[in-house]
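Fold and contact review
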Amino acid sequence: VVEDGLAFLVMDYIPGKDLFTVMVEQRLFSGRDEIIRNTFLQLLDTVDELHSKGIFHRDLKPENILCNVTPETGVRVYIADFGLATDNEESMNFGVGSYYYMLPECLVGSQSSLLKTYSSRAADIWALGVIFVNLLTAKNPWKVAIRSDPTFSRYSLDARYLEKIFPIARGTSILLDRIFSRHGCDVRLADLRTRVLSLPSFYMTPEQVAKAPKTVRLIAAEWMRNVPMHDFTEEDLACITMID
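What you are looking at is a predicted structure, and each value in this text was computed from that prediction instead of being measured.

Attention now moves to the environment of Pro71. Its location among the elements puts Pro71 in the loop between strand S4 (65-70) and strand S5 (74-79). Residues Pro71 and Ala85, spaced 14 residues apart in sequence, show a C-alpha to C-alpha distance of 33 Å.

Have a look at this one:
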């Protein structure tokens, strides 16, 4: 709306909180397959629609996703903050976004002149993969997606490494590896949608958790009862918290 030479942008009012607050402080998602499925599918569909219109967000993260929860509609999410969005599918703006969610090429290109561009589409898909881990565990898979990060380095050498630190099912691990191993490239959001719908559960069974490494058990214990904890030591706890 323009009045007297002034432009007014009128947007919807979302009465809820951002996804980070709902996920970390209210613990709405961890361990709840169907709430995670519904929420992540909304994000996939919204980003797919943006991409179909030639819009690439480049700063997808829980803090930029508004979340309204009501008994009538359940969880509804809305993507916000398009300040870094672009209509260029190949971007030359390196270091754009938030480190936890940034595509490796976007990070590396800010430190090297060898890489000239990166895929804005892939950057959004990569960020969706990290957000999926957030929804599942209320944790980040790594701090930054470069080889100097211990967790990312281990994942780069072992595609199943995320199964060794998170209580996720094999099918979930395969889905995430499809995103991360390809750095978001050659990944169709419609294909991810089908895979998300096909998984009966995103998590290990209680029996699998009971036999899993200590890191897996510690994270699962936050929302799952009767997780064996008798063999933990203070040294274990000090090391494990490093992956958060």
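By the definition in use, this model includes 13 aromatic pairs. Both rings, one in Trp142 and one in Tyr155, keep their centres 5.5 Å apart while their planes meet at 40 degrees; by these two values the pair is tilted. Note that Trp142 is positioned in the loop between helix H4 (120-137) and helix H5 (150-157) and Tyr155 in helix H5, a separation of 13 residues in sequence. Residue Tyr155 is classed as buried on the basis of its relative accessible area, which comes to 5%. Through successive ring pairs, a cluster of aromatic residues spans Trp126, Trp142, Phe152, Tyr155 and Phe180.

Take the pattern of salt bridges next. In this structure the tally under the stated criterion is 12 salt bridges. Counted as one network, the salt bridges with shared partners bring together Arg27, Lys139 and Glu222.

Here the focus is the sheet that holds strand S3 (residues 17-18). Ordered by their spatial adjacency, 3 strands build an open sheet running S3-S4-S5, and the pairing between neighbours is antiparallel. The strands lining the two open edges of the sheet, one partner per strand, are S3 and S5. One ladder, built from 6 bridges, connects S4 with S5; its direction is antiparallel. The partner of Cys67 across the bridge, within S5, is Val77.

Right, let's talk about a nonpolar patch on the surface for a bit. Together, Val1, Leu6, Phe8 and Val10 give the surface a local cluster of nonpolar side chains, amounting to about 430 Å² of exposed area. Looking at the element boundaries, Leu6 is found in strand S2 (residues 6-7).

Taken N-terminus to C-terminus, the directions of H4 and helix H7 (residues 170-180) make an angle of 150 degrees; their axes are 9 Å apart at the nearest point. Relative to H7, the element H4 lies roughly antiparallel. Considering how the two elements wind past one another, H4 and H7 form a crossing that is left-handed. Two secondary-structure elements touch here, H4 through Ile125, Trp126, Gly129, Val130, Phe132, Val133 and Leu136 and H7 through Thr172, Leu175, Leu176, Ile179 and Phe180. Taken together, the residues of the contact of H4 with H7 break down into 10 nonpolar, 2 polar and no charged.

Once that is clear, we can look at the confidence of the model for the protein. For the protein, the average pLDDT comes to 92, and 97% of its residues sit at 70 or higher. Per-residue pLDDT, averaged within each element of the protein, yields its smallest value for helix H11 (residues 234-240) (75) and its largest for helix H2 (residues 33-52) (98).

All right, on to the pairing of S4 then. The pairing of S3 with S4 spans 2 bridges and is classified as antiparallel. Directly across from Lys17, in S4, lies its bridge partner Cys67.

This part is about the side chain of Lys61. Locating Lys61 in the fold gives a position in the loop between H2 and S4. Notably, Lys61 is buried but unbridged: the nearest opposite-charge side chain belongs to Asp59, and the N-O separation is 4.3 Å. When neighbours within four sequence positions are excluded, Lys61 is seen to be in contact with Ser98, Tyr101 and Ile131.

The rules behind these values
- Counting starts from 1 at the beginning of each chain's written sequence and moves along it residue by residue.
- Given that the model is predicted, a residue must reach a pLDDT of at least 70 before its local features are reported, and side-chain atom pairs must reach 80 or more before they are shown or counted; all residues, however, enter totals for whole chains, interfaces and linings.
- Hydrogens and water molecules were not included; the side-chain quantities draw on all heavy atoms of the structure.
- The secondary structure listing takes helices from DSSP runs of H or I that are at least 4 residues long and strands from runs of E that are at least 2 residues long, numbered from the N terminus.
- Under the pairing criterion, centres of Phe, Tyr and Trp rings, with the six-membered ring standing for Trp, must be within 6.5 Å; the plane angle then separates stacked pairs below 30 degrees from edge-to-face pairs above 60, leaving the rest tilted.
- Think of it in three bands: with a 1.4 Å probe and only protein chains considered, a residue is buried below 20% of the maximum accessible area for its type, exposed above 50%, and partly exposed in between.
- By convention in these notes, a salt bridge is any Lys or Arg side-chain nitrogen within 4 Å of a carboxyl oxygen on Asp or Glu.
- What makes two strands pair is DSSP finding at least two bridges between them.
- Excluding any residue in a salt bridge, patches collect residues exceeding 30% relative accessible area, merging like charges within 9 Å and nonpolar Val, Leu, Ile, Met, Phe, Trp and Tyr side chains within 5 Å.
- Note on areas: these come from Shrake-Rupley sampling with a 1.4 Å probe, and a residue is covered only by the protein chains present in the view.
- Where helices are involved, their axes are fitted lines through C-alpha atoms of the stretch in contact, as for all axes, and angles between N-to-C directions lie from 0 to 180°.
- Put simply, angles under 35 degrees are roughly parallel, angles over 145 are roughly antiparallel, angles from 65 to 115 are roughly perpendicular, and the rest are oblique.
- Throughout, a crossing is termed right-handed when the near helix is turned clockwise from the far one, and left-handed when it is turned anticlockwise from it by less than a right angle.
- Residue contacts follow a heavy-atom distance rule, with two residues in contact if any of their heavy atoms lie within 4.5 Å.
- Residues are grouped as follows: nonpolar covers Ala, Val, Leu, Ile, Met, Phe, Trp, Tyr, Cys and Pro; charged covers Asp, Glu, Lys and Arg; every other residue, Gly included, is treated as polar.
- Scored between 0 and 100, pLDDT is the confidence that the predictor attaches to each residue.
- When charges are tallied, Lys and Arg are placed among the positive residues and Asp and Glu among the negative ones, while His and the ends of the chain are skipped.

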